[in-house]
Amino acid sequence: MATTAQQHGHEGAKPAKRKPVFTKVDQLKPGTSGHTLVVKVVSSNTVLQKGHAASTYLRHTRVAECLVGDDTASIVFTARNEQVDLLRPDATVILRNAKIDMFRGCMRLAVDKWGRVEVTEPADFAVNEENNLSMVEYELVNVGEE
(Lines give C-alpha, C1' and ligand atoms only; values in the text may rest on other atoms or scores of the structure.)
Protein backbone atom coordinates (compact mmCIF):
# COMPACT_ATOMS: atom_id res chain seq x y z
CA MET A 1 0.00 0.00 0.00
CA ALA A 2 2.89 2.36 0.69
CA THR A 3 3.85 2.56 -2.97
CA THR A 4 0.54 4.15 -4.03
CA ALA A 5 0.97 6.93 -1.46
CA GLN A 6 4.46 7.62 -2.77
CA GLN A 7 3.25 7.80 -6.36
CA HIS A 8 0.70 10.47 -5.44
CA GLY A 9 3.45 12.58 -3.90
CA HIS A 10 5.42 12.74 -7.13
CA GLU A 11 2.53 14.17 -9.14
CA GLY A 12 2.57 17.29 -7.00
CA ALA A 13 -0.87 16.40 -5.64
CA LYS A 14 -0.88 15.97 -1.89
CA PRO A 15 -2.63 12.90 -0.51
CA ALA A 16 -5.92 13.86 1.12
CA LYS A 17 -4.62 13.95 4.65
CA ARG A 18 -6.06 16.25 7.27
CA LYS A 19 -4.03 19.41 7.19
CA PRO A 20 -2.68 19.96 10.66
CA VAL A 21 -4.10 22.96 12.41
CA PHE A 22 -1.15 24.83 13.80
CA THR A 23 -1.49 26.12 17.34
CA LYS A 24 0.08 29.40 18.36
CA VAL A 25 2.11 29.28 21.56
CA ASP A 26 -0.13 31.81 23.32
CA GLN A 27 -3.11 29.44 22.83
CA LEU A 28 -1.55 26.70 24.99
CA LYS A 29 -3.43 25.92 28.18
CA PRO A 30 -2.76 23.56 31.10
CA GLY A 31 -4.00 20.02 30.60
CA THR A 32 -4.21 20.21 26.82
CA SER A 33 -2.57 17.99 24.23
CA GLY A 34 -2.56 17.17 20.53
CA HIS A 35 -0.93 20.46 19.54
CA THR A 36 1.02 20.96 16.34
CA LEU A 37 3.28 24.01 16.53
CA VAL A 38 6.02 25.64 14.53
CA VAL A 39 8.51 27.11 16.99
CA LYS A 40 11.98 28.53 17.00
CA VAL A 41 14.48 27.40 19.64
CA VAL A 42 15.89 30.26 21.71
CA SER A 43 18.10 28.30 24.10
CA SER A 44 18.74 24.79 25.35
CA ASN A 45 20.09 23.64 28.73
CA THR A 46 20.83 20.03 29.51
CA VAL A 47 19.34 19.35 32.92
CA LEU A 48 19.76 15.62 33.32
CA GLN A 49 22.37 13.16 32.20
CA LYS A 50 21.96 10.24 34.54
CA GLY A 51 25.23 8.33 34.63
CA HIS A 52 24.58 5.81 37.38
CA ALA A 53 20.83 5.50 37.55
CA ALA A 54 19.24 2.34 38.86
CA SER A 55 17.80 1.26 35.53
CA THR A 56 19.62 1.01 32.21
CA TYR A 57 16.73 2.87 30.58
CA LEU A 58 17.18 5.93 32.80
CA ARG A 59 20.95 5.81 32.54
CA HIS A 60 20.67 6.76 28.89
CA THR A 61 18.05 9.45 29.33
CA ARG A 62 19.16 12.92 28.33
CA VAL A 63 16.85 15.78 29.18
CA ALA A 64 17.19 19.41 28.13
CA GLU A 65 14.97 22.36 28.88
CA CYS A 66 14.66 24.42 25.74
CA LEU A 67 13.04 27.83 25.50
CA VAL A 68 11.00 27.72 22.30
CA GLY A 69 8.39 30.06 20.90
CA ASP A 70 6.76 31.90 18.05
CA ASP A 71 5.75 35.51 17.52
CA THR A 72 2.96 35.25 20.15
CA ALA A 73 4.75 33.74 23.15
CA SER A 74 7.45 31.40 24.41
CA ILE A 75 7.43 28.30 26.62
CA VAL A 76 9.88 25.80 28.03
CA PHE A 77 9.98 22.58 26.00
CA THR A 78 11.30 19.48 27.75
CA ALA A 79 13.40 17.63 25.16
CA ARG A 80 14.32 14.01 25.75
CA ASN A 81 17.10 11.91 24.20
CA GLU A 82 17.27 12.38 20.41
CA GLN A 83 14.94 15.41 20.68
CA VAL A 84 17.84 17.18 22.45
CA ASP A 85 19.90 16.96 19.25
CA LEU A 86 17.09 18.46 17.14
CA LEU A 87 16.34 21.38 19.45
CA ARG A 88 19.48 23.40 18.88
CA PRO A 89 19.37 27.17 19.45
CA ASP A 90 18.12 29.00 16.31
CA ALA A 91 16.62 25.83 14.84
CA THR A 92 13.00 25.98 13.68
CA VAL A 93 11.07 22.83 14.51
CA ILE A 94 7.59 21.44 14.03
CA LEU A 95 6.27 19.81 17.19
CA ARG A 96 3.56 17.31 16.29
CA ASN A 97 1.09 16.04 18.88
CA ALA A 98 2.73 18.07 21.64
CA LYS A 99 1.20 18.19 25.10
CA ILE A 100 1.33 20.43 28.15
CA ASP A 101 2.90 18.98 31.28
CA MET A 102 2.73 20.83 34.58
CA PHE A 103 5.95 21.25 36.52
CA ARG A 104 5.71 22.98 39.92
CA GLY A 105 2.54 24.72 38.80
CA CYS A 106 4.04 25.96 35.53
CA MET A 107 3.43 24.78 31.98
CA ARG A 108 6.03 22.82 30.06
CA LEU A 109 5.63 21.66 26.48
CA ALA A 110 6.62 18.08 25.67
CA VAL A 111 6.39 15.56 22.85
CA ASP A 112 6.11 11.94 23.98
CA LYS A 113 6.32 8.75 21.96
CA TRP A 114 3.00 9.52 20.25
CA GLY A 115 4.34 12.75 18.78
CA ARG A 116 7.19 13.88 16.53
CA VAL A 117 9.77 16.61 16.42
CA GLU A 118 10.85 17.67 12.91
CA VAL A 119 13.41 20.26 11.95
CA THR A 120 11.96 22.51 9.26
CA GLU A 121 12.80 25.60 7.19
CA PRO A 122 13.97 28.57 9.29
CA ALA A 123 10.97 30.64 10.33
CA ASP A 124 10.99 34.37 9.68
CA PHE A 125 9.46 35.43 13.00
CA ALA A 126 11.16 36.70 16.13
CA VAL A 127 10.31 34.76 19.27
CA ASN A 128 8.23 36.71 21.77
CA GLU A 129 10.34 36.06 24.88
CA GLU A 130 8.50 38.71 26.92
CA ASN A 131 5.41 36.51 27.05
CA ASN A 132 6.95 33.38 28.59
CA LEU A 133 4.10 31.02 29.46
CA SER A 134 6.38 28.87 31.64
CA MET A 135 6.79 31.85 33.99
CA VAL A 136 3.07 31.91 34.74
CA GLU A 137 2.24 29.97 37.87
CA TYR A 138 -1.10 28.22 37.93
CA GLU A 139 -2.89 27.60 41.20
CA LEU A 140 -4.27 24.10 41.11
CA VAL A 141 -7.91 24.94 41.81
CA ASN A 142 -10.56 22.41 42.59
CA VAL A 143 -13.32 23.22 40.12
CA GLY A 144 -16.09 21.88 42.36
CA GLU A 145 -15.57 24.54 45.02
CA GLU A 146 -17.30 27.80 44.25
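Scroll up to find the structure this text is about.
Before going into details, it helps to say that this report is about the structure given with it. For clarity, every value in this text was computed on a predicted model and none was experimentally measured. For every chain, the first residue of the written sequence is number 1, and numbering continues from 1 along that sequence. Totals for whole chains, interfaces and linings use every residue, but because this is a predicted model, local features are given only for residues with pLDDT of at least 70 and side-chain atom pairs only at 80 or more, for both listing and counting. Side-chain measures here rest on the full set of heavy atoms in the structure, leaving out hydrogens and waters.

Moving on to the overall build of the protein. The numbering of helices and of strands both runs from the N terminus, where a helix is a DSSP run of H or I of at least 4 residues and a strand a run of E of at least 2. Regarding its fold elements, the protein presents three helices and six strands. With a 1.4 Å probe rolled over the protein chains alone, any residue whose accessible area is under 20% of its type maximum counts as buried; one over 50% counts as exposed, and the rest are partly exposed. For the protein, with 146 residues in total, the buried portion stands at 35%. Here, two residues are considered to be in contact whenever any of their heavy atoms come within 4.5 Å of each other. Contacts in the protein between residues at least 24 apart in sequence constitute 62% of all its contacts with a sequence separation of at least 6. To measure how exposed things are, a 1.4 Å probe is used in the Shrake-Rupley method; for residues, cover is taken only from the protein chains shown. With the model as given, the accessible surface of the protein reaches about 9900 Å², and the carbon-plus-sulfur share is 52%.

We now examine the pairing of strand β4 (residues 92-103). Taken residue by residue, a regular strand's side chains alternate between the two faces of the sheet. Strands are treated as partners if at least two bridges between them are detected by DSSP. As judged from the four bridges shared by β4 and strand β6 (residues 116-119), these two strands associate in the antiparallel manner. From the neighbouring strand, Arg 96 faces β6, where its bridge partner is Arg 116. In this structure, the hairpin formed by β4 and strand β5 (residues 106-110) is closed by a connection of two residues, where Arg 104 is found at a positive phi of approximately 50°.

Take the nonpolar core next. We define the nonpolar core as a collection of buried residues of types Ala, Val, Leu, Ile, Met, Phe, Trp, Tyr and Cys that are connected through side-chain atoms lying within 4.5 Å of one another. Counting residues in each nonpolar core, the largest one holds 24 residues, and the members touching the most others are Leu 28, Ile 75, Phe 77, Leu 87, Leu 95 and Leu 109. Counting only elements with at least two residues in this core, the list comes to β1 (33-49), β2 (62-69), β3 (74-80), β4 and β5. If one sorts the elements of this core by residue count, β4 sits on top with four residues. The contacts of Phe 77, once residues within four sequence positions are left out, are Ala 64, Glu 65, Cys 66, Val 68, Gln 83, Leu 87, Leu 95, Leu 109, Ala 110, Val 111 and Val 117.

Bringing the packing of aromatic side chains into the picture now. Pairing of aromatic rings covers Phe, Tyr and the six-membered ring of Trp, with a centre-to-centre limit of 6.5 Å; geometry is then stacked below 30 degrees between planes, edge-to-face above 60, and tilted otherwise. Applying the stated rule across the entire model yields zero aromatic pairs. Sitting over the face of the ring of Phe 125, Lys 40 holds its NZ or CZ atom 5.4 Å from the ring centroid. Remark: a charge is flagged as sitting over a ring if the NZ atom of Lys or the CZ atom of Arg is within 6 Å of the ring centre and within 35 degrees of the ring normal.

Further remarks concern the side chain of Thr 78. By the element assignment, Thr 78 lies in strand β3. Here Thr 78 falls in the buried class, since its relative accessible area comes to 12%. For Thr 78, the residues in contact, after removing those within four places along its chain, are Val 63, Ala 64, Gln 83, Arg 108, Leu 109 and Ala 110.

Moving on, we get to the environment of Lys 24. Relative to the elements of secondary structure, Lys 24 occurs in the loop between α1 (2-10) and β1. Owing to a relative accessible area of 33%, Lys 24 belongs among the partly exposed residues under this scheme. Apart from the residues within four sequence positions on either side, Lys 24 is in contact with Leu 37, Asp 70, Asp 71 and Thr 72.

If charged atoms from side chains of opposite charge come close, those side chains can pair. Within this document, salt bridges are pairs made up of a side-chain nitrogen of Lys or Arg and a carboxyl oxygen of Asp or Glu, the two lying within 4 Å of each other. Applying the stated criterion across every chain yields a total of seven salt bridges. Salt-bridge contacts for Arg 108 lead to Glu 65; the nearest nitrogen and oxygen are separated by 3.6 Å. Residue Arg 108 is found in strand β5, and its partner Glu 65 is found in strand β2; the two are separated by 43 residues along the sequence. In the salt-bridge network here, residues are joined through shared partners; they are Arg 62, Asp 85 and Arg 88.

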